[in-house]
Protein chains: 2
Amino acid sequence: MIAKRLELLREELRREHLGAYIFNTSDPHNSEYTADRWKGREWISGFNGSAGTAVVTLKRAALWTDSRYFIAAEQQLKGTEFLLMKLKIDGTPTIAEWLGKELADNDSKEVGADGGTHTAADIEELRGELRQHGGLTLRTNFDVLQRIWKDRPAMPLNPIELQPTKLAGETTEQKLSRIRKALRDVHADGMLMSQLDDIAWTLNLRGSDVHCCPVFISHLLIGSQQTTLFVDERKLTTEVKSYLADLNITTRPYESAGEALQKWGEWNILIDPNEVSEALFRQVKAHEIIRKPSSVPIMKAVKNEAEQQGMRNAMLKDGIALVKWIRWLKPAVEAGGQTEISVSQKLEQLRSEQPLYRGLSFDTIAGYEEHGAIVHYEATPETDKPLEPHGLLLVDSGAQYQDGTTDITRTIALGPLTDEQRKVYTLVLKGHIDLQLLHFPDGASGTQLDAIARRPLWQAGLNYLHGTGHGVGAYLNVHEGPHQIRMEWKPTPLRKGMTVTDEPGIYLEGRFGVRTENVLLVQEAEETECGRFLRFETLTLCPIDTTPILPELLSQEEKDWLNQYHAMVYEKIAHHLNDDERLWLQEATRPL
Amino acid sequence: MIAKRLELLREELRREHLGAYIFNTSDPHNSEYTADRWKGREWISGFNGSAGTAVVTLKRAALWTDSRYFIAAEQQLKGTEFLLMKLKIDGTPTIAEWLGKELADNDSKEVGADGGTHTAADIEELRGELRQHGGLTLRTNFDVLQRIWKDRPAMPLNPIELQPTKLAGETTEQKLSRIRKALRDVHADGMLMSQLDDIAWTLNLRGSDVHCCPVFISHLLIGSQQTTLFVDERKLTTEVKSYLADLNITTRPYESAGEALQKWGEWNILIDPNEVSEALFRQVKAHEIIRKPSSVPIMKAVKNEAEQQGMRNAMLKDGIALVKWIRWLKPAVEAGGQTEISVSQKLEQLRSEQPLYRGLSFDTIAGYEEHGAIVHYEATPETDKPLEPHGLLLVDSGAQYQDGTTDITRTIALGPLTDEQRKVYTLVLKGHIDLQLLHFPDGASGTQLDAIARRPLWQAGLNYLHGTGHGVGAYLNVHEGPHQIRMEWKPTPLRKGMTVTDEPGIYLEGRFGVRTENVLLVQEAEETECGRFLRFETLTLCPIDTTPILPELLSQEEKDWLNQYHAMVYEKIAHHLNDDERLWLQEATRPL
């Protein structure tokens with residue numbers, strides 16, 4: 001199947017006199033997760049991870065992805081001609097380096113890539129790198145998938161719904177007014193907003209165009225007076241139409257955003273080249289383009305009181321479902337017949353019984369023993385592993401409720417463990433707790449805190465290659481920026497009101513994986529003569545399996561944290577359970 | 001005096017139709033510490049800290065400096081018209097913002113700055129910012145100090161000496177060959193080297209043109225075949241002349257570097273715009289300027305075996321001098337008559353008795369009680385404080401030996417302390433020890449490790465605004481890049497063989513300051529399935545005062561580190577002492 005697709009592609013490359021084509025993982029909105037229509041990289045390569053770039057020349061094909069997907073990609077690319085290129089591993093060439101060599105003797109030195117699914121900044125960088133490597137050129141106005149992907153999915157047409165002000169905590173009028181003030185501060189007359197969750201947040205609207213993400217396909221153009229939403233009108237209910245009309249927001253067809261940028265009537269416009277597609281960017285006709293980051297991601301990242309309360313409500317519901325599920329899990333595994341997929345389905349069912357449930361916030365990762373070492377493992381009928389009453393089951397999952405989004409990882413002992421498993425489990429927990437205990441100066445970025453969660457692991461020669469934490473949306477995307485806690489430099493400071501996950505893990509290929517994740521909320525700690533300090537409030541409510549813990553590896557402070565956390569979990573969840581579940585929870589949250 | 005200088009300056013500004021002039025703290029070599037000739041910012045403002053920028057308009061004057069110097073600058077600027085502008089404090093305008101406002105109604109919108117003492121990158125950035133703030137322009141080819149600083153010190157003419165290969169560990173031929181290989185790797189035909197310590201390292205030569213820094217004023221032009229040293233010939237001894245001749249290195253007058261850049265005969269040239277002055281940069285005539293960081297700072301930062309051994313030798317000698325000094329200190333203070341300056345002189349004298357001593361590596365900071373809270377305090381006859389047998393004396397000092405450079409801070413209890421002093425002392429020590437105990441992945445940068453030293457302080461609402469660590473030269477500058485351990489992003493990874501200081505501190509204005517500093521050497525720790533890990537070897541050999549410690553605040557691991565460190569200090573130093581000193585050291589290094 002992949003071979004046939006590559007053949008079709010190469011026919012087009014020859015016809016267009018292109019030496020290669022680059023398929024990235026994005027859409028016209030710089031989305032991390034995209035609607036099916038834009039899953040071109042998956043279609044051409046067969047690799048379905050959430051990050052990766054496929055590059056095909058007339059003779060060869062290669063796929064770049066990061067450490068989360070090394071094992072999965074190797075399995076999925078087997079039998080195709082795609083080579084796996086491991087990002088951030090010594091010796092892996094960049095795409096431009098590889099193409100420079102591959103096309104050295106090629107007739108055409110031109111490379112194709114869809115400017116519609118690359119940001120302007122991506123294309124600019126790629127163009128520069130290709131020029132440096134053998135003087136390759138880049139053509140961005142040709143979407144080869146339109147010719148070769150015959151059954152390409154259509155644009156989604158799901159209806160849009162209102163997010164009540166009671167949950168959003170701020171009206172769209174107030175948000176637009178704050179955005180316009182931020183624009184005036186940098187002397188900008190307006191901006192183009194393309195990121196789907198930014199648009200959903202600004203307009204207090206939600207959709208279901210992207211699997212697990214409550215967003216809708218659109219662009220939003222904000223002028224000094226006028227606001228225009230570019231969206232397929234068929235998605236607008238009467239209620240949403242009249243809501244937008246009341247706000248004086250004009251709607252125009254989705255496809256006409258480029259035309260509007262050509263006719264921009266004000267002096268200048270702010271465009272974030274890291275957000276807006278190259279295809280739209282090159283249509284902007286203004287006296288000046290202000291290339292600056294949009295201020296909306298930071299506004300959205302700082303949750304207001306209503307959003308914070310919504311997140312707490314969502315975490316409580318999620319915790320109830322999780323406790324019921326863990327209570328059910330061990331006996332069910334002992335009874336036999338359970339698999340990674342079956343227990344994931346049970347968890348989804350329990351969550352769906354909670355009020356305001358709207359679906360999963362990402363596909364559940366349930367990896368038993370060696371599958372737990374595949375960071376973004378998703379069980380398929382072919383890989384689905386029967387669960388046995390021993391070893392570790394790593395479950396990373398989350399849900400969308402109308403009042404908040406959840407993301408939690410627990411690693412659960414299904415029975416006896418090895419000494420190595422207990423040690424690794426305890427060290428991961430140490431890092432997880434140490435970060436939650438941290439006080440830190442207001443203004444510190446996540447990069448500056450990252451080592452706190454890693455230190456207990458580093459001391460034992462262990463490390464993980466993924467980030468320690470990311471923002472979580474308020475009934476929006478489960479991965480939210482711009483702040484992150486990770487080793488790579490992310491300058492955005494953590495601010496009071498931001499959500500962030502705390503999810504260290506260890507992955508020992510072929511053996512097992514451990515990760516423990518809570519969602520935290522940044523709160524004020526204290527103000528002293530050395531400045532203002534922040535701390536974390538833990539939002540996630542679910543017991544952490546204490547049976548694998550080697551208590552001698554925890555400090556008293558760490559034990560105290562765990563005991564206090566468990567006391568809080570019991571207090572908040574117990575009265576939502578039946579007697580049997582409550583007794584189990586009492587045992588599960590018993591002090592160390 | 002300052003008023004008179006400002007008057008002279010303003011006369012010239014009017015004559016040249018300039019609205020303002022900017023005096024930075026550097027020289028034509030982007031030096032942190034400069035020869036007296038380039039201390040123009042100090043001359044015009046009276047502020048003598050190692051970092052700061054003075055800006056003078058026709059009506060006003062202001063000085064920007066960082067937190068290390070807030071207290072000192074306030075004192076030194078008193079009585080002048082200079083306003084103190086505190087960097088990184090909310091509300092402090094940037095220079096461009098301030099000038100934009102100050103010159104809003106001014107006749108001339110042109111600002112002057114000496115392109116000879118600003119790097120090309122600095123000028124480019126400044127030019128852009130000035131343009132953004134009221135459309136100010138920048139003139140860089142006019143050094144106003146030449147007109148108004150009548151008794152400006154001449155170019156230094158101190159003789160240059162050879163650094164023996166036995167101590168350098170690598171010949172200049174080998175170094176030039178490595179540099180040329182690095183140039184070929186980025187397709188560069190040559191480079192201009194301007195940083196004085198890079199030149200001294202490359203040529204295995206040392207000088208004494210800059211107070212405390214064993215460097216000599218010069219530029220080095222490296223072509224694919226030829227190497228040219230631009231230096232005043234009078235500085236070259238017969239020995240050095242014949243050494244350079246043997247290496248086929250041509251010497252040319254210092255002033256002719258610009259001319260050589262105009263006549264550059266090869267295709268392209270690598271210039272690091274963050275290293276080379278704007279005045280030289282604008283003279284480069286090549287088909288292409290490759291604007292990239294020089295690879296020399298990283299080569300120099302990784303110490304070879306001979307340099308490592310030299311550093312260990314230097315640390316031992318420094319430790320002996322320090323132990324003799326601390327042994328002497330407390331009784332001397334009790335006897336009375338000692339001051340910050342007198343005890344600094346005693347320390348300098350003891351160091352000067354050690355073999356291969358060449359001078360201090362920076363002016364000693366000896367701050368008693370509230371003076372300890374002034375981060376870069378240097379006692380003057382006016383501020384010199386008598387020492388009494390109570391409270392804390394913070395001493396940050398270092399020496400140049402021909403085999404290595406030292407940098408050490410100890411905070412010493414001269415007698416009874418307050419509870420607050422003991423608590424802060426112990427928490428600083430915790431952070432200091434935690435960093436030394438750390439194992440970390442090969443490839444981690446200092447920014448990623450910085451929080452480890454700060455965590456115990458943050459938890460108590462304490463913090464310091466300076467960096468945690470910097471590289472230390474091998475008989476070169478005491479501050480060496482490009483790696484650093486600090487909150488600001490410094491991407492250079494810590495690599496095996498690099499030296500780095502570990503110097504957390506706390507400064508409570510008007511009360512006291514605490515800092516504890518050792519020099520560390522990056523070593524290999526282990527290689528596991530999670531990658532290669534590094535650790536630190538402690539080079540500094542000197543007891544840490546245990547009398548202020550609150551033992552209950554230290555973990556067992558921290559206590560073990562301290563006891564092992566003290567056992568090592570005793571073992572290495574004891575047999576170099578007389579009986580009385582040895583008994584004292586035995587007591588000072590007794591396990592907790």
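Conventions used here
Residues numbered from 1 in each chain as written. Chains lettered and ligands numbered in written order. Predicted model: local features only at pLDDT ≥ 70, side-chain atom pairs only at ≥ 80, totals over all residues. Heavy atoms only, no water. Helix = DSSP H or I, 4+ residues; strand = E, 2+ residues; numbered from the N terminus. Buried < 20%, exposed > 50% of the residue type's maximum accessible area, 1.4 Å probe, protein only. Contact = heavy atoms within 4.5 Å. Areas by Shrake-Rupley, 256 points an atom, 1.4 Å probe, with all protein chains shown as cover. Lys, Arg positive; Asp, Glu negative; His and termini not counted. Charge placed at Lys NZ, Arg CZ, Asp CG, Glu CD. Pairing = 2+ DSSP bridges. Axes fitted to C-alpha atoms, helices over the stretch in contact; angles between N-to-C directions. Parallel < 35°, antiparallel > 145°, perpendicular 65-115°, else oblique. Salt bridge = Lys/Arg side-chain N within 4 Å of Asp/Glu carboxyl O. Polar contact = N/O pair within 3.5 Å; in protein donor to acceptor, adjacent residues only side chain to side chain. Patch = residues over 30% accessible without salt bridge, like charges linked within 9 Å, V, L, I, M, F, W, Y side chains within 5 Å. Buried area = accessible area lost by both parts, 1.4 Å probe. Nonpolar A, V, L, I, M, F, W, Y, C, P; charged D, E, K, R; others polar. Phe/Tyr/Trp six-rings, centres within 6.5 Å; stacked < 30°, edge-to-face > 60°. Least-squares fit on C-alpha atoms with pLDDT ≥ 70 in both. Core = buried A, V, L, I, M, F, W, Y, C linked by side-chain atoms within 4.5 Å. Expected span 1.5 Å × (residues − 1). Arc of directions from axis to C-beta.

(A) Geometry of the overall build of chain A. Looking only at helices and strands, chain A features 19 helices and 28 strands. In terms of principal-axis extent, the alpha carbons of chain A reach across some 65 × 55 × 50 Å. Sorting the 592 residues of chain A into buried and exposed places 60% on the buried side. Counting contacts in chain A only where the partners sit at least 6 residues apart, residues at least 24 apart contribute 69% of the total. As displayed, chain A offers around 23100 Å² of accessible surface, 49% of which is attributable to carbon and sulfur atoms. Within chain A, one finds 67 positive and 86 negative side-chain charges whose respective centroids are separated by 2 Å.

(B) Structural detail: the pairing of strand S27 (residues 518–528) of chain A. Residues and elements named next belong to chain A. As paired strands, strand S24 (residues 499–502) and S27 are joined by four bridges and run antiparallel to one another. The residue bridging Asp502 from the neighbouring strand is Asn518, located in S27. Examined bridge by bridge, S27 and strand S28 (residues 531–538) share eight bridges and lie antiparallel to one another. Note that in S28 the partner of Glu527 across the bridge is Arg532. Linking two consecutive strands that pair antiparallel, namely S27 and S28, is a turn of two residues.

(C) Focus on the packing of helix H16 (residues 419–437) of chain A against helix H18 (residues 556–573) of chain A. All names here are of chain A. It is at 10 Å that the axes of H16 and H18 come closest, and there the two elements cross at 80 degrees. The orientation of H16 with respect to H18, classified from their angle, is roughly perpendicular. Between H16 and H18, the residues in contact are Leu429, Lys430, Ile433, Asp434, Gln436 and Leu437 and Glu557, Glu558, Trp561 and Leu562, respectively.

(D) Representation of the environment of Phe362(A). Residues and elements named next belong to chain A. Structurally, the position occupied by Phe362 is in the loop between strand S15 (357–360) and strand S16 (365–368). We classify Phe362 as buried; its relative accessible area is 11%. Between the C-alpha atom of Phe362 and that of Leu435, which follows or precedes it by 73 residues, the distance is 24 Å. When residues no more than four places from it in sequence are discounted, the contact partners of Phe362 are Cys212, Asp396, Ser397, Gly398, Thr406, Asp407 and Val478.

(E) Spotlight on the pattern of salt bridges. Taken as a whole and judged by the stated rule, the model has 86 salt bridges over all chains. Between Asp450(B) and Arg454(B) there is a salt bridge; the shortest N-O distance is 2.5 Å. Of this pair, Asp450(B) and Arg454(B) are both found in helix H17 (residues 446–458), four residues apart, which corresponds to roughly one turn of the helix. Here Arg454(B) falls in the buried class, since its relative accessible area comes to 1%. With a closest N to O distance of 2.5 Å, Glu587(B) and Arg590(B) form a salt bridge. We classify Glu587(B) as partly exposed; its relative accessible area is 47%. Several salt bridges share partner residues, and in doing so they unite Glu12(A), Arg15(A), Glu16(A), Arg139(A) and Arg147(A) into one network.

(F) Main features of the side chain of Asp450(B). Residue and element names in this part refer to chain B. The buried category is assigned to Asp450, whose relative accessible area is 1%. A polar contact of 2.5 Å, which involves the side chain of Asp450, links it to the side chain of Arg454. Not counting residues within four places of it along the chain, the set of residues in contact with Asp450 comprises Thr468, Ile485, Arg486 and Met487.

(G) Structural view of a negative patch on the surface. On the surface, Glu97(B), Asp122(B), Glu125(B) and Glu129(B) cluster together to form a negatively charged patch. Overall, Glu97(B) belongs to the partly exposed group, its relative accessible area being 35%.

(H) Examining the interface of chain A and chain B more closely. Taken together, the contact between chain A and chain B spans 31 residues of the former and 31 residues of the latter. For the chain A and chain B pair, buried surface summed over both sides reaches about 2700 Å², with 57% attributable to carbon and sulfur atoms. It is Gln448(A), Arg455(A) and Trp458(A) that lose the most area in chain A upon contact with chain B, and together they represent 22% of the buried surface on that side. Our count for the chain A to chain B interface comes out at four salt bridges. Across the pair Arg511(A) and Glu529(B) runs a salt bridge, and its minimum N-O distance is 2.8 Å. Inspection of the chain A/chain B interface yields twelve residue pairs in polar contact (both at pLDDT 80 or more). Counting residues per element, the ones that place at least two in the side of chain A that touches chain B are H16, strand S21 (440–441), helix H17 (446–458) and S27 of chain A. If you tally residues by element for the side of chain A that touches chain B, the top one is H17(A), at seven residues. Here the residues of the side of chain A that touches chain B are counted per class, giving 16 nonpolar, seven polar and eight charged.

(I) A look at the packing of aromatic side chains. All names here are of chain A. Applying the stated criterion across every chain, the model contains 17 aromatic pairs over all chains. An angle of 45 degrees between the planes, with centres 4.9 Å apart, marks the rings of Tyr21 and Phe23 as tilted. The same class applies to Tyr21 and to Phe23, which are both buried. Ring centres of Phe440 and Phe536 lie 5.1 Å apart, and the angle between their planes is 35 degrees; on these two criteria the pair is classed as tilted. Of the two residues, Phe440 is situated in strand S21 and Phe536 in strand S28; the sequence distance between them amounts to 96 residues. Residue Phe440 is classed as buried on the basis of its relative accessible area, which comes to 0%. With relative accessibility at 5%, the residue Phe536 sits in the buried group.

(J) Structural context of the relation of the copies chain A and chain B. Note on the identical chains: chain A maps onto chain B by a rotation of 180 degrees and an axial translation of 0.0 Å, with an RMSD of 0.0 Å. Considering both components of the superposition, the chain copies are consistent with a two-fold axis. Among all C-alpha atoms of chain A, that of Gln448(A) lies closest to the rotation axis, at 2.9 Å.

(K) Seen up close, the nonpolar core. In this structure, Phe440(A), Leu449(A), Phe536(A), Phe440(B), Leu449(B) and Phe536(B) are the most contacted members of the largest nonpolar core, which totals 117 residues. Setting aside residues no more than four positions away along its own chain, Leu449(B) makes contact with Trp458(A), Leu435(B), Leu438(B), Phe440(B), Ala444(B), Ile485(B), Leu494(B) and Phe536(B). One finds Ala182(B), Ile222(B), Val231(B) and Met299(B) within the second-largest nonpolar core, a separate group that totals 37 residues.

(L) How the structure looks around H17(A). The end-to-end C-alpha distance of H17(A), which contains 13 residues, comes to 18 Å, matching closely the 18 Å that a straight helix rising 1.5 Å per residue would cover. The buried fraction of H17(A) amounts to 13 of the 13 residues, a majority that puts the element mostly inside the structure.

(M) Structural view of helix H10 (residues 238–246) of chain B. Residue and element names in this part refer to chain B. Turning to H10, its buried residues are Val240, Tyr243 and Leu244. Angular distribution of buried residues about the axis of H10 spans 95 degrees; they occupy a single face of the element. For H10, the exposed residues lying more than 90 degrees away from the buried face are Thr238 and Asp246. The elements touched by buried residues of H10 are strand S7 (161–162), helix H8 (172–185), helix H9 (196–203), strand S9 (205–206), strand S11 (227–230) and strand S12 (249–252).

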